[in-house]
Amino acid sequence: MAVSPNSCLLKCLLTLVLQLPTLDSAHFDVIGPPEPILALVGEDAELPCHLSPNVSAEHMELRWFRKKVSSAVLVHRDGQEQDGEQMPEYQGRVTLVKDHITEGRVSVRIHKVRASDDGEYQCFFREKESYEEAKVQLKVAALGSDPHIHMEVQGSGEIRLECSSVGWYPEPQVQWRTPKGEKFPSTSESSHPDEEGLFTVEASLIIRDNSLENVSCSIQNPLLGQEKEVGISIPAPFFLRLTSWMVAVAVIVILLGLLTIGSIVFTWRLYRERSRERRNEFSSKEKLLEELKWKKATLHAVDVTLDPDTAHPHLFLYEDSKSVRLEDSRQKLPENPERFDSWPCVLGREVFTSGRHYWEVEVGDRTDWAIGVCRENVMKKGFDPMTPENGFWAVELYGNGYWALTPLRTPLPLAGAPRRVGIFLDYEAGDTSFYNMSDGSLIYTFPKVSFSGPLRPFFCLWSCGKKPLTICPITNGSEAVTVVSETGELSKDIPLSPMGEESASGDTDTLHSKLIPSQPSQGAP
């Protein structure tokens, strides 16, 4: 029987359509914290991860695990936790923090952290056939007990000291030293973990020098940078025979001491009263000096503008180059080595190679931002940690906490949330300081460094939104830079460029950052 050519063509098209792969869900990335999370043994720790873009994770499969996906720390699927896939050592000790799950931000809270919890975790997000994961590093630390020194005088006249302490993590370091700072290596040293993984350390020292009077044992936690120390007095090898003149001197000293006890008591009371007055006076002077310091910094205010050639494709610049917002959509921009392609960041056009410079950023009640300075040649491709070692000096608001971006993030216990942050850079002095301009108090000063090469203002956003950050006008102490974060309102008719969407007219303008019209009042939070 003859087959129609049209019928054959129809069957081929139908077969091709059936073989086409089904469309996956929209692509997303999972992002973990840029720095390790530090937790003390016995306290709670949170391991956060979030989606980019900020889509809801409410109906996704969420999984935190160590080495194997099947043996999980926590599994959340179909709206509830799946205890059957959980490792025994985490059962009853972990909970899912999902207050912001509709924004794609969740975390696992580990209760009463143990030494065995130290190490690397993976957070895994799955929606249908699409899945991504990110790494989270947890650093566990424990400060042990006060050291105890046991002394034993041996028959040879040598003195053996043994220093011991328990409950340390990670393995601590032991140091013997004199009050003048002279250090001695331990004669022997040992450390071993107990059943909870905490280290017990023992170190001994043989004293052969009869001139030593005091020795201390210091045990330090290398992760926390904290130590505990105890000292001991070394007895003389034999009693010295007292001569007659030594007895006379001792009697005179005792008599003089008895005669001056009354005056000493009176002087001490007077000294204590004056010390209290001086402390109060010093506190007032210290506050005044801090206020004068940031007011002096404002004399070096500079006009900061944003460099569109460095902006991440998810950042949309205002047309005055002083405002930027983070969107879920992605612009089609020319690829160049100056542009950030992973961290959602942008640099200022201004380049600093000397002198003092100051600007202020109005942060208001916005969340998830980082501001500061960085080297002009920092790595802009990939996810290198934002630390001084990599050329970043910045502070951030991430989650519910303020942090200085040091190798192990430094928490900033602020009395109140700053609504405006002042940034002061003294290039020659190697000083980078941040001020709370609501009350003039110091937020954080990085340790002094020797800068080399150009530095530029630095801005970064971690979540999408409409409410802008604003660098205040230079007439009031700074010039405006606006960065858009989670909340607030901007005009709904702002022209944006969705990810991957090209201009219908084919204009080459799609290769440049979309410029958002300036708002009439950018300074209001």
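Cut-offs used in this document
Residues numbered from 1 in each chain as written. Predicted model: local features only at pLDDT ≥ 70, side-chain atom pairs only at ≥ 80, totals over all residues. Heavy atoms only, no water. Helix = DSSP H or I, 4+ residues; strand = E, 2+ residues; numbered from the N terminus. Buried < 20%, exposed > 50% of the residue type's maximum accessible area, 1.4 Å probe, protein only. Pairing = 2+ DSSP bridges. Disulfide = S-S within 2.5 Å.

Peer 1: Teacher, can you tell me more about unusual backbone geometry here?
Peer 2: Across the chain, the bulk of peptide bonds are trans and the bulk of non-glycine residues have phi less than zero. Along the chain, Ser52 connects to Pro53 via a cis peptide bond; the corresponding omega equals 5°. In this fold, Pro53 is placed in the loop between strand 3 (45–52) and strand 4 (61–65). Between Tyr169 and Pro170 the backbone carries a cis peptide bond, its omega angle lying at -5°. Here Pro170 shows up in the loop between strand 12 (159–168) and strand 13 (173–177). In this structure, Lys112 takes a positive phi of about 50° despite not being glycine. Locating Lys112 in the fold gives a position in the loop between strand 8 (105–110) and strand 9 (119–127). Exposure remark for Lys112: the relative accessible area of 62% places this residue in the exposed category.

Peer 1: Sorry if this is basic, but what is going on with the sheet that holds strand 26 (residues 410–411) here?
Peer 2: With antiparallel pairing, six strands are arranged side by side in an open sheet as 21-30-23-24-25-26. Whereas interior strands pair on both sides, the edge strands pair on one side only; in this sheet they are strand 21 (345–347) and strand 26. Inspection of the sheet shows strand 24 (residues 392–398) paired to strand 25 (residues 401–404) by four bridges, in the antiparallel sense. The residue bridging Tyr398 from the neighbouring strand is Gly401, located in strand 25.

Peer 1: Help me out: how do you make sense of the state of the cysteines in this one?
Peer 2: Under the criterion given, the structure shown has two disulfides. Between the sulfur of Cys49 and that of Cys123 lies a disulfide, 2.0 Å long from S to S. Given an S-S torsion of about -90°, the disulfide between Cys49 and Cys123 has left-handed geometry. Placement of the pair is Cys49 in strand 3 and Cys123 in strand 9, with a sequence separation of 74 residues. Classification of Cys49 by relative accessible area gives buried; the value is 1%. Residue pairing for Cys163: its cysteine sulfur links by disulfide to Cys217, the two sulfurs lying 2.1 Å apart.

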